[in-house]
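# Coordinate inspection notes
The residues making up each chain are set out below.
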Amino acid sequence: MGKYGQHIREDKSVLTEPRCPFCRALFERPAEVSTTLGYFSGGTCCCGAVFSYDPSRKNMGEAFMDALVYACNEDWDIAMSLESGKDFEEKFVVYKENDHSLSSKAVSNNPKDRIVNMIFVKLKNQQTK
Ligand SMILES: [Zn+2]
């Protein structure tokens, strides 16, 4: 699908406020989120989206699973049964930790964009905690 990722550039001029790609609310700096399996770096938006931050960008698959499982109240069976696009949506962004900002051109649905370092996951049928 497309070559969107290739247009992404690191450019200070396109830095923007750290807003959730789903609801546009400002989100907090990533913090250690405690789970039954350990920790991940991320947080939860007021809209229910869970975000996971991987500064190394090397374990985005894990970061994604952390966010998805956390969004499912850490129920792996539920998390594994969900389908992208049907049961949940994910967005990939480039987060600049030093500035607590996002690169505005880098919101993407393509996990193969190697520059992305933060994932937002939002369940479509949000379950109440
Ligand atoms: Zn949100």
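One can find the structure itself at the top, above this paragraph.
Summarised in this report is the structure supplied together with it.

Calculation notes
Residues numbered from 1 in each chain as written. Predicted model: local features only at pLDDT ≥ 70, side-chain atom pairs only at ≥ 80, totals over all residues. Heavy atoms only, no water. Helix = DSSP H or I, 4+ residues; strand = E, 2+ residues; numbered from the N terminus. Buried < 20%, exposed > 50% of the residue type's maximum accessible area, 1.4 Å probe, protein only. Contact = heavy atoms within 4.5 Å. Areas by Shrake-Rupley, 256 points an atom, 1.4 Å probe, with all protein chains shown as cover. 1 Å grid on protein atoms, 1.4 Å probe; cavity = no way out; pocket = protein on both sides within 12 Å on 5 of 7 lines; lining within 4 Å. Points joined across faces, edges and corners; volume = space filled by probe spheres on them. Nonpolar A, V, L, I, M, F, W, Y, C, P; charged D, E, K, R; others polar. Donors = N, O, S within 2.8 Å, 3.2 Å for Na, K, Ca; no water. Tetrahedral: all angles 85-135°; square planar, octahedral: opposite > 155°, others 65-115°. Core = buried A, V, L, I, M, F, W, Y, C linked by side-chain atoms within 4.5 Å.

Turning our attention to the overall build of the chain. A count of helices and strands for the chain gives two helices and eight strands. Going residue by residue from the N terminus, the α and β elements of the chain occur as β-β-β-β-α-α-β-β-β-β. Taking all 129 residues of the chain together, 43% fall into the buried category. A separation of at least 24 residues holds for 61% of the contacts in the chain among residues at least 6 apart in sequence. Just so you have it, the chain exposes about 7,700 Å², and 48% of that area is on carbon and sulfur atoms.

Here the focus is empty space enclosed by the protein. Using a probe with the size of a water molecule, rolled over the atoms, empty space left in the structure can be pinpointed. Here the structure, examined in full by the defined rule, presents one cavity of 30 Å³ or more. Reported here for the largest cavity is a volume of approximately 80 Å³. Looking at the largest cavity, the residues that line it are Thr 35, Thr 36, Leu 37, Met 65, Asp 66, Val 69, Tyr 70, Glu 74 and Trp 76. Classifying every residue of the lining of the largest cavity by side-chain character gives five nonpolar, two polar and two charged.

As a further point, take the coordination of the zinc ion. At this site the zinc ion is bound by Cys 20 (SG), Cys 23 (SG), Cys 45 (SG) and Cys 47 (SG), with donor distances of 2.3 to 2.4 Å. Geometry at the zinc ion is tetrahedral, judged from the four donor atoms that bind it and their angles of 100 to 113° at the metal. Cys 20 sits in the buried class, given a relative accessible area of 0%. We classify Cys 45 as buried; its relative accessible area is 6%.

Turning to the environment of Cys 72, a few remarks are in order. On the secondary structure map, Cys 72 appears in the loop between α1 (60-71) and α2 (76-81). With a relative accessible area of 2%, Cys 72 lands in the buried category. In the structure, Cys 72 is positioned 22 residues away from Val 50 in sequence and 9.8 Å away in space, judged by C-alpha atoms. With residues up to four places along the chain from it excluded, the contact list for Cys 72 reads Ile 78, Ala 79, Leu 82 and Leu 123.

Counting 21 residues, the largest nonpolar core has Leu 68, Ile 119 and Val 121 as its most contacted members. Of all the elements in the fold, those that place two or more residues in this core are α1, β5 (88-93) and β8 (118-123). Top contributing element to this core by residue count: α1, with eight residues. Contacts of Val 121, omitting those with residues within four sequence positions, involve Phe 22, Gly 48, Ala 49, Val 50, Phe 64, Ala 67, Leu 68, Phe 88, Glu 89 and Glu 90.

Right, let's talk about unusual backbone geometry for a bit. One non-glycine residue with positive phi stands out, namely Arg 24, at about 70°. As for its placement among the helices and strands, Arg 24 is situated in the loop between β1 (15-16) and β2 (31-35).

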